[in-house]
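# Commentary on secondary and tertiary structure
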Amino acid sequence: MRDALVDFRDTLVCRRQELERLRHAERVERWRSAPDLAELLQRATRRSIDLWARSRGAPDFLQLRLGLGSASTAFEITVEPGGDGELRAEAPAAVDGLTQLHDVPVTIDLVAAGVFAVHGRDRSLDGVAASLIVQAACLHSPDDLTIVAAIDGDRPFAWLKWLPHVRSVTSPVAGPH
């Protein structure tokens, strides 16, 4: 009986380590797939090969980073039925908290959302809007994305005119750009 108890607890430790590895891999992937603005601006400045890395058919097309926060992992943990009741109570405690990630990029899928707007007079919204525009422009080619903006003239977005996405020859928007 004692050997079975030791084996059970060793198994719990091994499973927790496996789940920690999965969590770590997911965390790394979330950071890789949602780069911060500094990384994106370096790509644009260097005109690196990973500038405009997402094509229209990519699964992460128009997925943009909103900030950092907490999120559930892509995996779930279930404890199979059966076994000793007291020992079963140890299993959830051994994996408690492993299905939550903290301080990871939180993204929005603009394809799934259909419409997303940043609206208001508060100047802090300018930074949010600029962040989303810069991400879209750095991650997507002007052949795959046209950027159109309706912005009050007193807002600090004159720099938009320099983006190739606002004057793309493949733009579906009629008229001068």
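Residues numbered from 1 in each chain as written. Predicted model: local features only at pLDDT ≥ 70, side-chain atom pairs only at ≥ 80, totals over all residues. Heavy atoms only, no water.

### Structural notes on the packing of aromatic side chains
Considering all chains together, one arrives at one aromatic pair under this definition. Ring centres 5.9 Å apart and planes at 40 degrees place the aromatic pair phenylalanine 157 and tryptophan 159 in the tilted group. A residue is classified by how much of its surface remains accessible, and tryptophan 159, at 29% relative accessible area, is partly exposed. (Phe/Tyr/Trp six-rings, centres within 6.5 Å; stacked < 30°, edge-to-face > 60°. Buried < 20%, exposed > 50% of the residue type's maximum accessible area, 1.4 Å probe, protein only.)

### Examining the nonpolar core
Counting residues in hydrophobic clusters, the biggest one holds 22 residues, and the most contacted among them are Leu64, Ile133, Ile147, Phe157 and Leu163. Top element by residues in this core is helix H5 (residues 124-139). It accounts for nine residues. Filtering out sequence-adjacent residues up to four positions away, phenylalanine 157 remains in contact with Asp126, Ala129, Ala130, Ile133 and Ile151. (Core = buried A, V, L, I, M, F, W, Y, C linked by side-chain atoms within 4.5 Å. Helix = DSSP H or I, 4+ residues; strand = E, 2+ residues; numbered from the N terminus. Contact = heavy atoms within 4.5 Å.)

### Describing the environment of phenylalanine 157
Considering the arrangement of structural elements, one finds phenylalanine 157 in the segment after H5. Exposure remark for phenylalanine 157: the relative accessible area of 9% places this residue in the buried category. In the structure, phenylalanine 157 is positioned 56 residues away from leucine 101 in sequence and 35 Å away in space, judged by C-alpha atoms.

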